[in-house]
Amino acid sequence: MSDFFAGIDKVPFKGPESDDPLAFRFYEPDRLVLGKRMEDHLRMAVCYWHSFAWPGGDPFGGQTFQRPWFGDTMEHARLKAEVAFEMFERLRVPFFTFHDRDIAPEGASLAESNANVRAIAEIFAEKMAATGVGLLWGTANLFSNRRFMAGAATNPDPEVFAYAAAQVKCALDVTHELGGANYVLWGGREGYETLLNTDMKRELEQAGRFLSMVVEYKNRIGFPGTILIEPKPQEPTKHQYDYDVATVFGFLQRFGLEGEVKVNIETGHSVLAGHSFEHEIATAVALGVFGSVDANRNDYQSGWDTDQFPNNVPEVALAIYHILKGGGFTTGGFNFDAKLRRQSLDPVDLIGAHVGGMDVCARGLLAAAAMIEDGGLEAALAERYAGWETPGARAMLESDLAAIAERVERERIDPEPRSGRQERLENWINRFV
Ligand code: XUL
Ligand code: CO
């Protein structure tokens, strides 16, 4: 046992009136909401990279955090795993997520790096069995090392494609062995800076072939989880190929993968793409590719992917409303892809940030469930589209342009516009959030 969180107990539930910053006010794992346990609705996860690997740097300054596990040795990596599970247990969080390079240092060769990852995965397996904490997803870091500066799957050098494929194979094997519920591909460097040096057509074909290989391999090893693509419009490249959910869907269809791969939607990435979080979720639900969520929030003034902890209840409630309407999570969940501000130095900051994020998700779930139970929004939608439920409207969709035109002239059709009632619906939402 480490002493990193000494003096901080397992986070208790104290109810909405509590002012204890290290207690849940809304998150009660066993509380039934719409007939399902809160924990099973939300399937929350702590991410390894921001919480345990990020040193607190920004473009103008380096490390601010001092963690006893910062360093390049396996001893450091083992201490990091120790502390990570101590935090998962304190938070009662059911899942975690990681990149291969978050958990173990890179070796002198890929074989050595893979061996390091496997050694830590063995420790994870023991700790997961002892604590009941599960792996929501694993992934490979194909963006930090300089070899990936011009892309991984989309690199002009085929040997980088090969290296990335080998790295993903190991990360997927390890995720499978740890019983991961999903495997994520976020194309950090899969995009371009300038068309002057980029063959876009070729790069998109490479990305499609790479993803097809991942799916083929997943099926070969019998990985029962879901392969997820995480859309993002820019950062780090100026033009990322996986811009948003709609773009990813078109890409999946082109390579015949829309039945095999789903999306992992991140709040901040949605905002960077000029969408709302719920827009991206509703798009994925409508297209049948909703998978999982990276929960965070962006600063609305800075225009960067600031990865702050979620604390906007209306934003989270509307997102969960659309998730519930889509049938809820299957293999996915709420992964906190969120990091502390670099001045938040203390262990208690790390715990407190997650307590707040988890509580906001719980509160959002309660609000969304109340909205569903009330049924007001659903009823307003049904009324708005009622015309389409008539036999005449259905028959029209089976007919053709000329027949429709003939009827419009014959019956002298001239539709009367009807109110969209937006303000009334916005006011209705405010009763629940
Ligand atoms: C980057 C991002 C990643 C992915 C996993 O913006 O969100 O951390 O979630 O690679
Ligand atoms: Co993310």
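Provided above is the structure to which this section pertains.
Residues numbered from 1 in each chain as written. Chains lettered and ligands numbered in written order. Predicted model: local features only at pLDDT ≥ 70, side-chain atom pairs only at ≥ 80, totals over all residues. Heavy atoms only, no water.

**Topic: the overall build of the chain**
A count of helical and extended segments in the chain gives 16 helices and twelve strands. Here the C-alpha radius of gyration of the chain, 24 Å, is about what a compact globule of 433 residues would show, namely 22 Å. The buried share of the chain, taken over its 433 residues, is 50%. Within the structure as shown, the chain displays about 20,500 Å² of accessible surface, and the carbon and sulfur contribution to it stands at 52%. (Helix = DSSP H or I, 4+ residues; strand = E, 2+ residues; numbered from the N terminus. Rg over C-alpha atoms; globule rule 2.2 N^0.38 Å. Buried < 20%, exposed > 50% of the residue type's maximum accessible area, 1.4 Å probe, protein only. Areas by Shrake-Rupley, 256 points an atom, 1.4 Å probe, with all protein chains shown as cover.)

**What to know about the coordination of the cobalt ion (ligand 2)**
Coordination of the cobalt ion (ligand 2) by the protein is provided by Glu-230 (OE), Glu-266 (OE), Asp-294 (OD) and Asp-337 (OD), with metal-donor distances spanning 1.9 to 2.1 Å. All donors to the cobalt ion (ligand 2) come from one chain, and their sequence spacing reads E-x35-E-x27-D-x42-D. Here Glu-266 is found in strand β10 (residues 261–266), whereas its partner Asp-294 is found in strand β11 (residues 290–295), with 28 residues between them in sequence. Take Glu-266 and Asp-294: they sit in the same class, and that class is buried. (Donors = N, O, S within 2.8 Å, 3.2 Å for Na, K, Ca; no water.)

**Some points on the pattern of salt bridges**
Tallying each qualifying case throughout the model produces 25 salt bridges. In this structure, Glu-39 engages Arg-37 in a salt bridge whose closest nitrogen and oxygen atoms are separated by 3.6 Å. When its relative accessible area of 25% is taken as the criterion, Arg-37 is described as partly exposed. For the salt bridge of Glu-106 with Arg-147, the shortest nitrogen-to-oxygen distance reads 3.0 Å. Of this pair, Glu-106 sits in the loop between α4 (100–103) and α5 (110–131) while Arg-147 sits in the loop between β5 (134–139) and α6 (158–177), and the two are 41 residues apart along the sequence. For Glu-106, a relative accessible area of 34% gives the class partly exposed. For Arg-147, a relative accessible area of 29% translates into the label partly exposed. Within the structure, one salt-bridge network assembled from shared partners comprises Asp-30, Arg-37, Glu-39 and Asp-40. (Salt bridge = Lys/Arg side-chain N within 4 Å of Asp/Glu carboxyl O.)

**Observations concerning the site of ligand 1**
In the vicinity of ligand 1, the contacting residues are Trp-49, His-99, Trp-137, Trp-186, Glu-230, Lys-232, Glu-266, His-269, Asp-294, Asp-305 and Asp-337. Contacts to ligand 1 include Lys-232, whose side-chain N or O atom sits 2.9 Å from an oxygen atom. Asp-294 is positioned with one of its side-chain polar atoms (N or O) 2.9 Å from an oxygen atom of ligand 1. Against a free-state accessible area of 290 Å², the protein chains account for coverage of 93% of ligand 1. Considering only residue class, the shell around ligand 1 consists of three nonpolar, two polar and six charged. (Near = heavy atom within 4 Å. Polar contact = N/O pair within 3.5 Å; in protein donor to acceptor, adjacent residues only side chain to side chain. Nonpolar A, V, L, I, M, F, W, Y, C, P; charged D, E, K, R; others polar.)

**Quick look at the packing of helix α3 (residues 74–91) against helix α12 (residues 347–374)**
For the pair α3 and α12, the least separation of the axes is 11 Å and the interaxial angle reads 40°. Comparing the axis directions of α3 and α12 gives the class oblique. Of the two possible hands of crossing, α3 and α12 adopt the one that is right-handed. Only Leu-350, Ile-351, His-354, Val-355 and Met-358 of α12 make contact with α3, whose side of the interface consists of Met-87, Arg-90 and Leu-91. When the residues that make up the contact of α3 with α12 are grouped by side-chain class, the tally is six nonpolar, one polar and one charged. (Axes fitted to C-alpha atoms, helices over the stretch in contact; angles between N-to-C directions. Parallel < 35°, antiparallel > 145°, perpendicular 65-115°, else oblique. Left-handed = near helix turned anticlockwise from the far one by under 90°. Contact = heavy atoms within 4.5 Å.)

**Re the sheet that holds strand β8 (residues 226–229)**
Taking strand neighbours around the barrel as the criterion, the eight strands line up as β3-β4-β5-β6-β8-β10-β11-β12 in a closed arrangement whose pairing is parallel. Between one strand axis and the next, the sheet turns through 30° on average, direction left out of account. Bridging between strand β3 (residues 44–47) and strand β12 (residues 334–336) involves three bridges; their strand directions are parallel. Pairing of Met-44 across the sheet is with Phe-334, part of β12. (Pairing = 2+ DSSP bridges.)

**Quick word on helix α8 (residues 245–254)**
Within α8, burial applies to Val-245, Val-248, Phe-249, Phe-251 and Leu-252. The buried residues of α8 all sit within an arc of 160° when viewed along its axis, so they share a single face. As for α8, its buried residues are in contact with α7 (200–221), β8, β10 and α10 (277–287). (Arc of directions from axis to C-beta.)

**Structural notes on the layout of surface pockets**
Empty space within the second largest pocket amounts to approximately 770 Å³. Together, 23 residues line the second largest pocket, and Leu-377, Ala-380, Leu-381, Gly-420 and Leu-425 are the ones closest to its centre. At the level of elements, α11 (313–325), α13 (376–384) and α16 (422–429) are the ones that each hand at least two residues to the lining of the second largest pocket. Looking at the lining of the second largest pocket, the element that brings in the most residues is α13, giving seven residues. In terms of residue class, the lining of the second largest pocket is built from nine nonpolar, five polar and nine charged. (1 Å grid on protein atoms, 1.4 Å probe; cavity = no way out; pocket = protein on both sides within 12 Å on 5 of 7 lines; lining within 4 Å. Points joined across faces, edges and corners; volume = space filled by probe spheres on them.)

**Points about empty space enclosed by the protein**
Evaluated as defined, the whole model comprises three cavities of 30 Å³ or more. Lining of the largest cavity is provided by 21 residues; of these, Leu-185, Gly-187, Glu-190, Phe-210 and Asp-242 occupy positions nearest its centre. Sorting the residues of the lining of the largest cavity by element identifies β6 (182–185) and α7 as the ones contributing at least two each. Taken together, the residues of the lining of the largest cavity break down into 15 nonpolar, three polar and three charged. Empty space within the second largest cavity amounts to approximately 50 Å³.

**Comments concerning the side chain of Asp-242**
Residue placement: Asp-242 occurs in the loop between β9 (239–240) and α8. Buried and unpaired, Asp-242 has no salt bridge, with Arg-254 as the nearest side chain of opposite charge at 10 Å. Residues within four places of Asp-242 in sequence aside, it is in contact with Gly-187, Ile-229, Glu-230, Pro-231, Lys-232 and Val-248. (Lys, Arg positive; Asp, Glu negative; His and termini not counted.)

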